[in-house]
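Letter by letter, the chains look like this.
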Amino acid sequence: MIKAAPGPEGTPAAAPVALAKCTSYDEDVTARLAAMFGQLGGLDRIVRGKTVTIKLNMTGSPGLRVDGRPPGVTHYVHPKLVGATAHLMGQAGARRIRFVESAWATSGPLEEYLLDSGWNVRQLLAAAPGVEFENTNALGKGKQYARFKVPGGGYLFPAYDLNHSYEDTDVFVSMAKLKNHATCGVTLSMKNCFGMLPASIYGDDAGVDAPNENPTSGRLATMHEGRRQPSKSAPAELDPSSSREPEYRVPHIVADLVKSRPIDLQIIDGIESIAGGEGPWIKGIRRVQPGVLLAGLNPVSTDAVAAAVMGYDPRAARGTAPFRTCENTLLLAERHGVGSADLRKIDVRGVPIAGAMFRYES
Amino acid sequence: MMLRTAAWVAILSATPLLAVIAPPSGWVPARWDGTDAKSLDILAGTPINCLLVTSYAPEFVSSATARGIATLAVLKPGADPADPARKAIRAGLQGVVMEGDFATGTAARVRDMLAGEHATVVELTSRARMPLGGPDPIVGTYQGVWPGIQVLDNGAAKAAPSGSPWIDTNTGFIRSVRAWGPASVWLGYLPPAHSVVTGERYEAAIADAEMAGARWIVALDDDFFGRLGRGDAAALKTWRGMAQVLQFFESHSEWRGLRSYGKLAVVQDHEDALLSGGILDMIAAKHTPMRAIPGQRLTPDALQGATMAVDVDAASLTPEQREMLKNFARAGGTVLTAPPGWKGQSVLQPGQITLDTAELDRLNDIWHDVQTMTGRKNLGARLFNVSSMLSNVLTADNGKQVVVELVNYSAYPIENVSVQVLGTFKHAQLITPEGVQKDLEVYVTDEGGTGVDIDRVSACATVRLD
């Protein structure tokens, strides 16, 4: 069992988290998810008649593979899980289901990015009425960027300019992979939201004054390392003299983002994944089969349970796995008042953590 | 690589007696160091019908001839090839292969000497010295890159600027050579030394050449050849896989005669085009169908059906050829001309088959412009989930039939490949070396073309649309 540190008095409220075993994508993933949503009080009350925007976790170019395997069984969320989610949301009465991701180094249609990932777009479109896609790496189908202020002030930026999809929605869902992250320790529902940042503004080839609507780079120099500033059209960094260390910056930015754009529902794919990093470009990664699914209604609580399932203390301080070299995003988000990472407060429904634990490190 | 007689295992026993030797254009070549006639048993069931040998015995030669297998003696520079060539023909071999860069005029002298003997002389030269556009039925080179995905020291695939792994390939080179004429193109490079070469890599070497219309001279590493001779089950399985890929392409030799369906023409000085890793391979890595046109072969016919042209080396064109490109533009085509003074490799060096770093840096300028010009346009076909593959898009009957060839360079099958072809087609069929011939559902793409989805591609596959 994880020795999780208790949270301080007065930490934000927790929310229930559904945890299920699912050993293969060939199992009835739809039924598993339906049961989990039921444990959370039902999907209807969340999505009926609503526009739902689902941020997919598709980090890095679809051309880069782990051992040549489809990215859905390694570092991307799996398309079967995505299709099952769309189907259930359609059944629950969602009016529109919009899948979004800031596709790596391109502002082309997200559908093409999905095809390049080996996903069947036509099947996804048929999974439910009103399915659509948007690449949020630039302006996309919107006319202007939406500005998300960080309530109470941000850690690094006071506000972030994002694609309209993150604003033009009633429900926002983060669908993430259960995996490590070289810069943040873990990639879970909150870290997934780092990918909301459009490279047109926050990318390494972003325009200096205005967004570059045809970005072809990632965000390493601008956001990870702070070697350049985002386009001047977006709010500037609060303190350009602050640490330029990626392991400091990225967790703080993620905490800012999830504070400014609340995540209503989190779904974490831990059926098959990778350990040791977030993608094939990280040395030493390995494929794993934790065989779990998580869903929750508060990102800090959901990620806390997910971290515990991975064998980590979700409240671990910097210097302790998985946050050996980085800040703990969960605690930063908790400090922002987003939710509680205190396992004692979280109602885990379905399988107990001990019954689903898959240690990412021995 | 000598094979022990007693150890040979017959794969198939039925071998036709006194089979007919195919004409040189139909030769499917392999290097063969086994001088024991029993070693020929292993070729049963494969399309290989031409062996390049460095030594030979009468029984071996007669046995090969009886099986319809041509034998060619490999001669290397260093000694006068006349005597060994004469000796080989007298011993019943069908010809000689002059492998290496012989002194100028040597090959012609050997040909003259063998005139009247019905012997074939094949030159395997450096790329720089290939006799392009000549009358020889076969042109070849001993040089080539070993096809496959480049791998970093830590085991991860090398990421190209596109974010996809870079695939070493000879296809750009082959396209350029084939633009010079109808001769069969042979690639005689060897497997990398001191490496474990898997079956997938051998299959990729075969398919890399065949997809572009050439033939790799099958060459097995010593260990594999030895295990094959001993009847090792794993080696035999690998060999059967290779034979399957060879048979796949030989069963569809009509594909070699098809034209490129690519709407993008790349006009390039032939010396630049003979280097691997250049603009042709970069465009191929983006799966943009294209036709290679050596500057010296630029004609209005070569540009027919193209909508875009990249003029990589404007200075090498004649005034008439420049006028052709102007007319192409006047007729609505888009022409991208390299910056004035831009020139790749000035003189192709015999030992060089890839671009050096400085040349790659220079190429980046024009590559950026090519990418901007082509963008996401469908210039014949667009392919998805193909980062570990290369493709060739060909057409027959003026676009009424399109053939999309796919080669997978990874060690894993790729699932869920999508192909979106320009034009309207009612039928599509998937054809694979494993014997699959399956009708595919066709659908109309967003841009009005024809789309098909392929469940799985192992070593290679072809989609034929009508």
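Residues numbered from 1 in each chain as written. Chains lettered and ligands numbered in written order. Predicted model: local features only at pLDDT ≥ 70, side-chain atom pairs only at ≥ 80, totals over all residues. Heavy atoms only, no water.

K.L.:
Is there a simple way to think about the packing of aromatic side chains in this case?
P.N.:
To describe a pair of aromatic rings, you give the distance between the ring centres and the angle between the ring planes. Per the counting criterion, the structure on display carries 16 aromatic pairs over all chains. Look at F157 of chain A and Y160 of chain A: their rings are 5.3 Å apart centre to centre, the planes differ by 55°, and that puts the pair in the tilted class. The pair F157 of chain A / Y160 of chain A is uniform in exposure class, with both members buried. Ring centres of W146 of chain B and Y189 of chain B lie 5.9 Å apart, and the angle between their planes is 80°; on these two criteria the pair is classed as edge-to-face. Of this pair, W146 of chain B sits in the loop between β6 (138-141) and β7 (148-149) while Y189 of chain B sits in the loop between β9 (184-187) and α5 (199-211), and the two are 43 residues apart along the sequence. An aromatic cluster of at least three residues, connected via ring pairs, comprises W146, Y189, Y202, W216 and F224 of chain B. One residue, R122 of chain A, lies across the ring of Y443 of chain B, its end atom 3.7 Å from the ring centre. We note R127 of chain B situated over the ring of F173 of chain B; from NZ or CZ to the ring centre the distance is 3.8 Å. (Phe/Tyr/Trp six-rings, centres within 6.5 Å; stacked < 30°, edge-to-face > 60°. Buried < 20%, exposed > 50% of the residue type's maximum accessible area, 1.4 Å probe, protein only. Helix = DSSP H or I, 4+ residues; strand = E, 2+ residues; numbered from the N terminus. Lys NZ or Arg CZ within 6 Å of the ring centre and 35° of its normal.)

K.L.:
Any chance you could explain the sheet that holds β6 of chain B here in plain terms?
P.N.:
Hydrogen bonds between backbone atoms are what pair the strands of a sheet, whose relative direction is either parallel or antiparallel. Residues and elements named next belong to chain B. The strand order β1-β2-β3-β4-β5-β6-β9-β10 describes an open sheet built from 8 strands, whose pairing is parallel. The outermost strands of the open sheet, each flanked by one partner alone, are β1 (29-31) and β10 (215-216). Both strand β5 (residues 120-125) and β6 contribute to a ladder of 2 bridges, which runs parallel. Bridge pairing in β6 places T125 opposite T141. (Pairing = 2+ DSSP bridges.)

K.L.:
Whenever I open this one, the packing of helix α6 (residues 222-229) of chain B against helix α7 (residues 233-250) of chain B confuses me. Can you help?
P.N.:
What describes two packed helices is the angle between their axes and the distance between those same axes. Residues and elements named next belong to chain B. Remark: α6 packs on α7, axes separated minimally by 8 Å, with the N-to-C direction vectors making an angle of 105°. On the basis of the axis angle, α6 is roughly perpendicular to α7. Residue-level contacts link F224, R227 and L228 of α6 to A234, A235, L236, T238, W239 and M242 of α7. (Axes fitted to C-alpha atoms, helices over the stretch in contact; angles between N-to-C directions. Parallel < 35°, antiparallel > 145°, perpendicular 65-115°, else oblique. Contact = heavy atoms within 4.5 Å.)

K.L.:
Just to check I follow, could you spell out the interface of chain B and chain A for this structure?
P.N.:
When the parts come together, some accessible area is lost, and that loss is often what is quoted as the size of the interface. Contacts between the two partners involve 23 residues from chain B, matched on the other side by 20 residues from chain A. Both faces considered, chain B and chain A share a buried interface measuring about 1,600 Å² in area, 49% of it formed by carbon and sulfur atoms. At the boundary of chain B and chain A, one finds 4 salt bridges. Of the charged contacts, one joins R376 of chain B and E112 of chain A as a salt bridge, the two residues approaching to 2.7 Å between their closest N and O atoms. Broken down by secondary-structure element, the contributors of at least two residues to the side of chain B that touches chain A are β16 (381-384) and β19 (414-421) of chain B. Looking at which element gives the most residues to the side of chain B that touches chain A, the answer is β19 of chain B, with 5 residues. Its residues assigned to classes, the side of chain B that touches chain A shows 9 nonpolar, 9 polar and 5 charged. (Buried area = accessible area lost by both parts, 1.4 Å probe. Salt bridge = Lys/Arg side-chain N within 4 Å of Asp/Glu carboxyl O. Nonpolar A, V, L, I, M, F, W, Y, C, P; charged D, E, K, R; others polar.)

None of this, on its own, says anything about what the molecule does.
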